[in-house]
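The residues making up each chain are set out below.
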Amino acid sequence: LVRGDGHVLHKKSIPIKTTSSHIIDQILLSISLLLKEIKVGQELIGIGMGAPGNVNRLKGTIQGAYNLSGLEDQAIVEIIQKKHSYPIFIDNDATNAAKGEFLFGAGKNCQHMVALTIGTGIGGGIILNGQVFHGITDYAGEIGHMTVVPNGRLCSCGNYGCLEAYSSASAMVDQARQALRRRETSQLETLKPNEINSERICYWANEGDSLCESIVQDAGHFIGLAIANIINLLNIPLVVVGGGVSAGGKVLFQSIDESANKHVLPRLRGTFRVEKALLGNDAGVIGSASAVFMEGLEHTHTL
Ligand SMILES: [Zn+2]
């Protein structure tokens with residue numbers, strides 16, 4: 001439950017089971033629980049939802065959420081609206097995160113920005129002239145699948161050389177495991193293979209562990225390369241980096257800055273900032289609410 005100024009009033013987190021019917025039941029349950037928290041004098045203007053994969057905003061369906069395959073082609077909005085009559089605004093989770101950063105986070109007062117969410121995968125959202133740019137089939141902002149190495153590593157999408165295969169949390173963990181198998185020395189050796197995650201890699205990178213440092217620098221290098229392409233394409237002043245990997249601290253952001261400024265058109269050097277997202281763990285919640293604030297109000301105006 002999020003107030004109009006972005007303040008989170010209530011949050012509920014529900015562990016999900018893997019089948020789609022269960023997930024929908026759990027979504028309906030979480031909506032009912034939150035509706036009970038609305039106090040007298042408060043008015044609910046809409047329900048915002050974010051989902052991984054491609055979301056068809058007009059049909060209200062979710063398609064191709066690779067890591068939630070049971071939800072493919074679910075008419076989620078129709079199902080929820082049978083129970084709750086509020087307007088529902090659904091979008092890709094990374095696009096929603098961009099809306100949240102634009103309204104309440106690092107992109108406040110910035111009319112043009114791109115936000116990258118770097119976790120297990122890499123998503124993105126584009127804001128131009130204060131509005132989300134969705135593209136003709138709502139796929140705009142799939143920056144994780146920008147090619148950074150022709151014929152490079154295999155990506156979850158089936159193509160080769162995507163940014164996601166180099167700079168996501170999963171890519172970093174893969175690199176760490178491979179290095180340990182080659183008997184490279186690192187603080188990570190003290191962990192069991194399944195305990196290695198991007199948080200630990202980022203932590204040790206900033207503590208001077210040379211293997212972790214080089215993994216984070218490599219990830220940052222490719223993120224910077226992608227950002228240079230974004231800047232060349234859009235000439236925007238701000239790129240916000242969020243998601244779990246954004247905890248990569250100084251090592252990550254230094255390498256992003258170096259690489260972005262190295263690869264961008266020389267005249268554009270110094271014209272843009274790369275900043276860490278400010279909404280942190282609330283990016284999903286505030287981002288989904290921002291979908292209501294941005295698109296709900298836009299909708300009201302057009303009516
Ligand atoms: Zn890909």
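Computed from a prediction, not measured in an experiment: that's the story for all the values here.

## Remarks on the overall build of the protein chain
Part 1 of the reasoning: Broken down by element type, the protein chain carries nine helices and nine strands.
Part 2 of the reasoning: Scaling as 2.2 N^0.38, a compact globule of 303 residues should have a C-alpha radius of gyration of about 19 Å, and the protein chain matches this with 20 Å.
Part 3 of the reasoning: A principal-axis box enclosing the C-alpha atoms of the protein chain has dimensions of 60 × 45 × 35 Å.
Part 4 of the reasoning: Here the protein chain, with 303 residues, has 48% of them falling under the buried criterion.
Part 5 of the reasoning: Within the protein chain, contacts between residues separated by at least 24 positions form 62% of all contacts whose residues are at least 6 apart in sequence.
Part 6 of the reasoning: Put simply, the protein chain shows about 15,600 Å² of open surface, and 51% of that area lies on carbon and sulfur atoms.
Part 7 of the reasoning: Counting 25 positive and 28 negative side-chain charges, the protein chain places the averaged centre of each group 2 Å from the other.

## A word on the domain arrangement of the protein chain
Part 1 of the reasoning: For the protein chain, the assigned domains are domain 1 (20–92) and domain 2 (106–277).
Part 2 of the reasoning: The straight-line distance from the C-alpha centre of domain 1 to that of domain 2 is 29 Å.
Part 3 of the reasoning: Across the contact, six residues belong to domain 1 and five residues belong to domain 2.
Part 4 of the reasoning: Taken together, the connections running from domain 1 to domain 2 amount to one salt bridge.
Part 5 of the reasoning: When the shortest N-O distance is used, the salt bridge between D138 and R57 registers 3.2 Å.
Part 6 of the reasoning: Applying the counting rule to domain 1 against domain 2 returns three residue pairs in polar contact (both at pLDDT 80 or more).
Part 7 of the reasoning: At the level of secondary structure, the elements contributing two or more residues to the side of domain 1 that touches domain 2 comprise β2 (54–56) and β4 (88–92).
Part 8 of the reasoning: Here the side of domain 1 that touches domain 2 gets three residues from one element, more than from any other, and that element is β2.
Part 9 of the reasoning: Taken together, the residues of the side of domain 1 that touches domain 2 sort by class into one nonpolar, three polar and two charged.

## Structural notes on the coordination of the zinc ion
Part 1 of the reasoning: Within the protein, H145 (ND1), C155 (SG), C157 (SG) and C162 (SG) serve as the donor atoms for the zinc ion, at 2.0 to 2.4 Å.
Part 2 of the reasoning: Its four donor atoms give the zinc ion angles of 103 to 122° at the centre, a pattern that matches the tetrahedral case.
Part 3 of the reasoning: All donors of the zinc ion belong to a single chain; written as a sequence motif, their spacing is H-x9-C-x1-C-x4-C.
Part 4 of the reasoning: By relative accessible area, C157 is classed as partly exposed at 28%.
Part 5 of the reasoning: A residue is classified by how much of its surface remains accessible, and C162, at 1% relative accessible area, is buried.

## Let's talk about the packing of helix α6 (residues 198–206) against helix α7 (residues 210–234)
Part 1 of the reasoning: Packing of α6 against α7 leaves a shortest axis separation of 7 Å and a crossing angle of 110°. Considering the angle they form, α6 stands roughly perpendicular to α7. Helix-helix and strand crossings are classified by hand; for α6 and α7 the assignment is left-handed. Between α6, through I201, C202, W204 and A205, and α7, the contact on the second element is made entirely by C212, E213, I215 and V216.
Part 2 of the reasoning: In the contact of α6 with α7, the residues fall into seven nonpolar, no polar and one charged.

What counts and how
- Residues numbered from 1 in each chain as written.
- Predicted model: local features only at pLDDT ≥ 70, side-chain atom pairs only at ≥ 80, totals over all residues.
- Heavy atoms only, no water.
- Helix = DSSP H or I, 4+ residues; strand = E, 2+ residues; numbered from the N terminus.
- Rg over C-alpha atoms; globule rule 2.2 N^0.38 Å.
- Buried < 20%, exposed > 50% of the residue type's maximum accessible area, 1.4 Å probe, protein only.
- Contact = heavy atoms within 4.5 Å.
- Areas by Shrake-Rupley, 256 points an atom, 1.4 Å probe, with all protein chains shown as cover.
- Lys, Arg positive; Asp, Glu negative; His and termini not counted.
- Charge placed at Lys NZ, Arg CZ, Asp CG, Glu CD.
- Domains from an automatic or database assignment.
- Salt bridge = Lys/Arg side-chain N within 4 Å of Asp/Glu carboxyl O.
- Polar contact = N/O pair within 3.5 Å; in protein donor to acceptor, adjacent residues only side chain to side chain.
- Nonpolar A, V, L, I, M, F, W, Y, C, P; charged D, E, K, R; others polar.
- Donors = N, O, S within 2.8 Å, 3.2 Å for Na, K, Ca; no water.
- Tetrahedral: all angles 85-135°; square planar, octahedral: opposite > 155°, others 65-115°.
- Axes fitted to C-alpha atoms, helices over the stretch in contact; angles between N-to-C directions.
- Parallel < 35°, antiparallel > 145°, perpendicular 65-115°, else oblique.
- Left-handed = near helix turned anticlockwise from the far one by under 90°.

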